[in-house]
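Residue-level structural notes
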Amino acid sequence: MPRTRKNTASSNATTANVGYEAELWQMADALRGSMDAAEYKHVVLGLLFLKYVSDAFEEQRAKLEAERAQGADPEDPDEYRAVNVFWVPTEARWARIRAAARQPSVGEVVDEAMAAVERANPALRGVLPKEYARPALDKQRLGQLVDLVSNIRVGDGEARAKDVLGRVYEYFLSRFASAEGKKGGEFFTPASVVRLLVEMIEPYRGRVYDPCCGSGGMFVQSVRFIEAHANGNGNGGRARSQISVYGQESNYTTWRLCKMNLAIRGIDGKIEQGDSFHNDRFPDLKADFILANPPFNVSDWSGERLREDKRWKFGVPPVGNANFAWVQHIIHHLAPTGVAGFVLANGSLSSNQSGEGEIRKNIVEADLVDCIVALPDKLFYSTQIPACLWFIARDKRNHRFRDRRGQVLFIDARRMGVMVDRTHRELTDEEIADIARTYHAWRGEPGASEYQDAPGFCKSATRDEIRQNAYVLTPGRYVGTEALEDDSEAVDVKIRRLAAQLRAQQAEARRLDDMIARSLEELGYED
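Scope of this entry: the structure provided in the associated data block. Throughout this description, residue numbers start from 1 for each chain and increase along the sequence as written. Owing to the predicted nature of the model, reporting of local features is limited to residues with pLDDT of at least 70; listing and counting of side-chain atom pairs is limited to 80 or more, with chain, interface and lining totals taken over all residues. Derived side-chain values reflect all non-hydrogen atoms in the structure, with water molecules and hydrogen atoms excluded from consideration.

1. Focus: the overall build of the protein chain
Regarding its fold elements, the protein chain presents 18 helices and eleven strands. Residues classed as buried in the protein chain amount to 51% of the 527 residues present. For the protein chain, the proportion of contacts with a sequence separation of at least 24, taken over those separated by at least 6, is 73%. Computed with the Shrake-Rupley method and a 1.4 Å probe, the accessible areas treat only the protein chains shown as cover for residues. Accessible surface for the protein chain amounts to roughly 24,400 Å². Of this, 48% is attributable to carbon and sulfur atoms. Put simply, DSSP marks the helices as runs of H or I at least four residues long and the strands as runs of E at least two long, and each gets a number from the N terminus on. Each residue is placed in one exposure class: buried if its accessible area under a 1.4 Å probe, protein chains only, is under 20% of its type's maximum, exposed if it is over 50%, and partly exposed if it falls in between. Contacts are assigned to residue pairs with any non-hydrogen atoms lying within 4.5 Å of each other.

As structure tokens, this is what we get:
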């Protein structure tokens, strides 16, 4: 099976260097003097959202003005809604906000604009931030930020075609996640991890569900995937119509962020706010695809109140760790031929604490586990805990691919990825494609290359092999080690060569030590 396993980043692979967004970030950073990252995230992203809807509105308004003789009415909100453009009332238009940028009242003006957009667009009700007038927000710096945003076109046709605001949002979400550190990463899954999940399960059409959707990155990437893999041009609208989006997020401010994130991309989804364990807003949903990045190892999920829940078909999850509650919640919501891909802490692969080993065993015996991928470290902003990807398939005979009952694919990607800054790693485009191709070949997809085990990287294991390993699913146990190339050098010859090399290096070290000692002596630093 042809595969490329490079450890070099492609030129456009990282989110750490995406153009002028960095300048915008530096300006926004000026606001940090008066608030922490968790607060100014909403200040900056709210302003960008307002500029986006205003740009799109003004462009459509200019078209309608030009067509007034043909009966167009620039003051009719339906003329805008018909082409998926938000109606922007007079008091919310950017020209008014820009005019107030140097005034002490700029905060009140922005708050009024946000409220007016919400009143005119019920889908945004309760979503937009309206806290710009509060005394703690430095109005001079807010005005500078308004000036900067005024010079950026984010919502007209050309900017939308380039997904300028989407890129800015993605960049900002990743930077905010990094700035907020451990407590803030919950709203953001690194783009390369989301892309890998989506490329592997290929959500072309149907119901896509994320029970802990954060800022909605899984949905955004799903739509991008369909657009990127469609035949022909200009099918963006069709891509959105081919999937139905269902998401739930427990954090209220993150839920608002998700609604804005999807709105700017024209994705119309059912995004509910609430706890998926205790207030499941989609109790009857059976999804064709589930993508998720649940918070790792949550201990305070009130599991003691759900001892008899119908979702726990494979065993009651421990009250001290929600990992297998998430796994079973996802399985519960999976359609009969559905596929799920989600992130979990590595502990889920081997833990035997509090009945977790028994739950994992039951899931394996039910033949639901399709693939496990071990990820490299430093991929996540919010945690240093080693992570992995689980892929669950309800029916491995699903008649789309080959019959793979009784088999599980293990992929060890721990050595992949490149460092994009001092503490964070990303998977490159080539690596994402390499892992996805391996999974698709193993599933026997039409057009995929023939699958072969690759020592140190991938292994197709039988259920008997997993039983022999006590149902531990750590890929390293199955893929073995990468075969080393035979250099044809006899062992005794190699040892003599290496010993001579060591003696030469030791002699060189002694020479350098003597030289340093003499230099110190000449400078008067004798012992």
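2. Re the pairing of strand E6 (residues 369–374)
Of all six residues that make up E6, six are buried, and the element is covered over most of its length. Relative to strand E7 (residues 387–393), E6 runs antiparallel, the two sharing five bridges. Following the sheet pairing, Ile-372 is matched in E7 by Trp-390. Bridge count for E6 against strand E8 (residues 407–412) is four bridges, and the pairing is parallel. When the sheet's bridge partners are listed, Ile-372 is paired in E8 with Phe-410. DSSP-based pairing: two strands are paired if at least 2 bridges between them are found.

3. A short note on the side chain of Asp-370
Tracing the sequence through the fold places Asp-370 in strand E6. The exposure class of Asp-370 is buried, given its relative accessible area of 0%. Think of a polar contact as two N or O atoms within 3.5 Å of one another; within protein, one of them needs to be a possible hydrogen donor and the other a possible acceptor, and neighboring residues in sequence only count if both atoms come from side chains. A polar side-chain atom of Asp-370 sits 2.9 Å from a polar atom in the side chain of Arg-404. Other than its neighbours up to four places away in sequence, Asp-370 contacts Phe-391, Ile-392, Ala-393, Lys-396, Arg-404, Val-408, Leu-409, Tyr-439, Trp-442 and Arg-443.

4. As for the sheet that holds strand E3 (residues 270–273)
Strand order in the open sheet made by the nine strands is E3-E2-E1-E4-E5-E7-E6-E8-E11, with mixed pairing throughout. Of all the strands in the sheet, the pair left with one neighbour each is E3 and strand E11 (458–462). In this sheet, adjacent strand axes meet at a mean angle of 15° when their direction is disregarded. Axis angles are defined between N-to-C directions and span 0 to 180 degrees, where every axis is a line fitted to C-alpha atoms and, for a helix, only to the segment in contact. Relative to the sheet, helix H12 (residues 252–263) contacts strand E2 (243–249) and E3, its axis offset from that of E3 by approximately 165°.

5. Quick word on the environment of Asn-362
Along the chain, Asn-362 falls in helix H14 (residues 356–365). Once the C-alpha coordinates of Asn-362 and Gly-315 are considered, the two residues, 47 residues apart in sequence, prove to be 7.9 Å apart.

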